[in-house]
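Each chain, written out:
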2 protein chains.
Amino acid sequence: MLDLRGKRLVLASGSPRREQLLRLLGLEFEVRNSGLVEENHTPAEPAEHVLTLSRRKAEAVAAQVPEGYIVGADTIVVLEGEILGKPRDEAEAFAMLRKLSGRVHRVYTGFTVIEKPSGRWMSDYEVTEVHFRPLTDEEIWAYIRTGSPMDKAGAYGIQDQSAVFADRIVGCFYNVVGFPLTRWYLRMREFLGEP
Amino acid sequence: MLDLRGKRLVLASGSPRREQLLRLLGLEFEVRNSGLVEENHTPAEPAEHVLTLSRRKAEAVAAQVPEGYIVGADTIVVLEGEILGKPRDEAEAFAMLRKLSGRVHRVYTGFTVIEKPSGRWMSDYEVTEVHFRPLTDEEIWAYIRTGSPMDKAGAYGIQDQSAVFADRIVGCFYNVVGFPLTRWYLRMREFLGEP
């Protein structure tokens, strides 16, 4: 659906979920992990945080790619002003899910696309509101035992067994999974000069 | 996460999407197509329509299953009072997507669970609001050429290339795919007498 005019598309991400999402669009692309170490709990505003991180990831990979479009992205979970990154251990995963239980949080994903060799770039971000129903401790531990929370911001992946934790979302679903497909697609069309 | 006390769980559906969704919960279950022929454009109210159809599907399979929990479900797309079923051909798929473009529609999924041999049962339904951005005719035809719209209510599947057609949903995402996981899970807990 996007016409990249034969140029390469490179996803600067080590997230298998992001790769799966981009595959939905039927585009050809390659994946390169930026190798950037993510730092949690930075003091920046959420939008600034994800925009900055997505740009750093794209830049790290763009430095190694002579030609094409390089896409970086970063996702965080924000609960009442607090940024929840990936949990360090199961106890922290439990504490995060306990906090999210019965409350509304926001998921931010920022993305940056760099065109090489021109160096032209654009960034944007998406926010989705996610409502969690009240969770029992047993449900949280059963979910932690699946191993799924450990590599995920906010200690959950809405596309796995924690699908039944959220009872309502407002906004883009795929943003919660890790990449705001529709916004990215529309911004790419503009960036490529498509009607 | 649900304790079925060793009883069988049977999904009375021929939809591979519904099967994939139920698999997310990590439950063991079998699939049996109810064999019911779906009729489009019935005059019933949307909620009544999906409740009735889901019950008929569950009953058709329950008649063949001596013991266990049988789950039927039915999904429709409703645009300003009009029920959009599965398109009969590509021209109808185009007409449906043209109608949905730039507008808000609602997706209804009803489900019925029958316990055998007791015959005890319950039904419920979920509604999700889906906002489509304005689509070009080229985008619609490109999507129809993927073949995906033909077996789907409203001529789209939000989990495929049409992921970029919706820019916002309000409610349960999985309901749009075809099964409202969270509501079903909560109603099953009640039905099974779990805390």
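Residues numbered from 1 in each chain as written. Chains lettered and ligands numbered in written order. Predicted model: local features only at pLDDT ≥ 70, side-chain atom pairs only at ≥ 80, totals over all residues.

Asker: I tried to follow the overall build of chain A on my own but got confused; where do I start?
Answerer: Across its full length, chain A carries six helices and seven strands. The linear arrangement of helices and strands in chain A, starting from the amino end, is β-α-β-α-β-β-α-β-β-α-β-α-α. Taken over the C-alpha trace, chain A has a radius of gyration of 17 Å; the compact-globule value for 195 residues is 16 Å, and the two agree within 12%. Once the C-alpha set of chain A is aligned to its principal axes, its extents read approximately 50 × 30 × 30 Å. A total of 195 residues make up chain A; the buried ones form 44% of that total. Residue pairs in contact within chain A that sit at least 24 positions apart in sequence constitute 71% of those at least 6 positions apart. (Helix = DSSP H or I, 4+ residues; strand = E, 2+ residues; numbered from the N terminus. Rg over C-alpha atoms; globule rule 2.2 N^0.38 Å. Buried ≥ 20, exposed ≤ 12 C-beta atoms within 10 Å, placed from the backbone. Contact = placed C-beta atoms within 7 Å.)

Asker: Before we go on, may I ask you to explain the interface of chain B and chain A in this structure?
Answerer: A common way to express how large an interface is: the accessible area buried when the components associate. Of the residues lining the interface, 23 residues belong to chain B; the matching set on chain A comes to 23 residues. At the level of secondary structure, the elements contributing two or more residues to the side of chain B that touches chain A comprise α4 (137-145), β7 (166-171), α5 (173-177) and α6 (181-191) of chain B. The element that contributes the greatest number of residues to the side of chain B that touches chain A is β7(B), accounting for six residues. Within the side of chain B that touches chain A, the residues separate by chemical class into 14 nonpolar, four polar and five charged. (Nonpolar A, V, L, I, M, F, W, Y, C, P; charged D, E, K, R; others polar.)

Asker: Can you walk me through the environment of Arg8(A) in this structure?
Answerer: The residue Arg8(A) is located in the segment before β1 (9-12) in this model. Expressed as a C-alpha distance, the spacing of Arg8(A) and Glu30(A), which sit 22 residues apart in the sequence, is 7.9 Å.

Asker: Help me understand helix α1 (residues 16-24) of chain A in this model?
Answerer: Because an α-helix packs 3.6 residues into every turn, residues spaced three or four apart end up facing the same way. Residue and element names in this part refer to chain A. Among the residues of α1, those classed as buried are Arg18, Leu21 and Leu22. All buried residues of α1 fall inside an arc of 95 degrees around its axis, so they share one side. Exposed side chains of α1 directed beyond 90 degrees from the buried face belong to Pro16 and Arg23. Buried residues along α1 sit in contact with β1, β3 (68-79), α5 (173-177) and α6 (181-191). Gly26, located one to two residues past α1, shows a positive phi value of around 75 degrees. (Arc of directions from axis to C-beta.)

Asker: Explain unusual backbone geometry to me, please; I cannot follow it from the model alone.
Answerer: All names here are of chain A. A cis geometry characterises the amide bond from Lys116 onward to Pro117, with omega recorded as 5 degrees. With respect to the secondary-structure elements, Pro117 resides in the loop between β5 (104-116) and β6 (121-132). A positive phi is found at Ala155, a non-glycine position, where the angle reads about 65 degrees. With respect to the element layout, Ala155 can be found in the loop between α4 (137-145) and β7 (166-171).

Asker: When you look at helix α2 (residues 46-62) of chain A in this model, what are you seeing that I'm missing?
Answerer: Residues and elements named next belong to chain A. If you check α2, its first and last C-alpha atoms are 24 Å apart, about what 17 residues at 1.5 Å a residue would give, namely 24 Å. Residues of α2 that are buried: Pro46, His49, Val50, Leu51, Leu53, Ser54, Arg55, Lys57, Ala58, Val61 and Ala62. Next to the buried residues of α2 lie β1, β3, β4 (82-84), β5 and β6. (Expected span 1.5 Å × (residues − 1).)

Asker: I'm lost on the nonpolar core in this one. Help?
Answerer: Across soluble globular proteins, you tend to see nonpolar side chains buried next to one another. Within the largest apolar cluster, 102 residues are counted, with the highest numbers of intra-cluster contacts made by Ile70(A), Val71(A), Ile70(B) and Val71(B). Every residue in contact with Val71(B), bar those within four places of it in the chain, is listed here: Val10(B), Leu11(B), Ala12(B), Ala58(B), Phe111(B) and Val113(B). (Core = buried A, V, L, I, M, F, W, Y, C linked by C-beta atoms within 7 Å.)

Asker: I'm lost on the relation of the copies chain B and chain A in this one. Help?
Answerer: The operation relating the two chain copies consists of a rotation about an axis and a shift along that axis. The two copies are related by a screw motion: chain B maps onto chain A through a turn of 180 degrees and a shift of 0.0 Å along the axis, at an RMSD of 0.0 Å. On this basis, the relationship between the two copies can be described by a two-fold rotation axis. Minimal C-alpha distance to the rotation axis in chain B is attained by Val170(B), lying at 2.2 Å. (Least-squares fit on C-alpha atoms with pLDDT ≥ 70 in both.)

Asker: What am I meant to see in the confidence of the model for chain A here?
Answerer: Low pLDDT marks regions whose predicted coordinates should not be analysed in detail. When pLDDT is averaged along chain A, the result is 93, and 96% of the positions lie at 70 or above. Reported for the predicted complex are a pTM of 0.91 and an ipTM of 0.89. (pLDDT = per-residue confidence, 0-100.)

Asker: How should the environment of Val71(B) be read in this particular structure?
Answerer: Here Val71(B) shows up in strand β3 (residues 68-79). With 16 residues separating them in the primary sequence, Val71(B) and Arg55(B) have C-alpha atoms 8.6 Å apart.

Asker: Would you take a moment to explain the pairing of β3(A) for this structure?
Answerer: Looking along a regular strand, one sees the side chains alternate between the two faces of the sheet. Residue and element names in this part refer to chain A. Most of β3 is tucked away: 11 of the 12 residues are buried. Across four bridges, the pairing between β1 and β3 is parallel. Opposite Leu9, over in β3, you have Tyr69 as the bridge partner. Of the pairings in the sheet, the one linking β3 to β4 comprises three bridges and is antiparallel in character. Residue pairing for β4: Val78 is matched across the bridge by Ile83. The hairpin turn running from β3 into β4, its antiparallel successor, is two residues long, and Glu80 in that turn takes a positive phi close to 45 degrees. (Pairing = 2+ DSSP bridges.)

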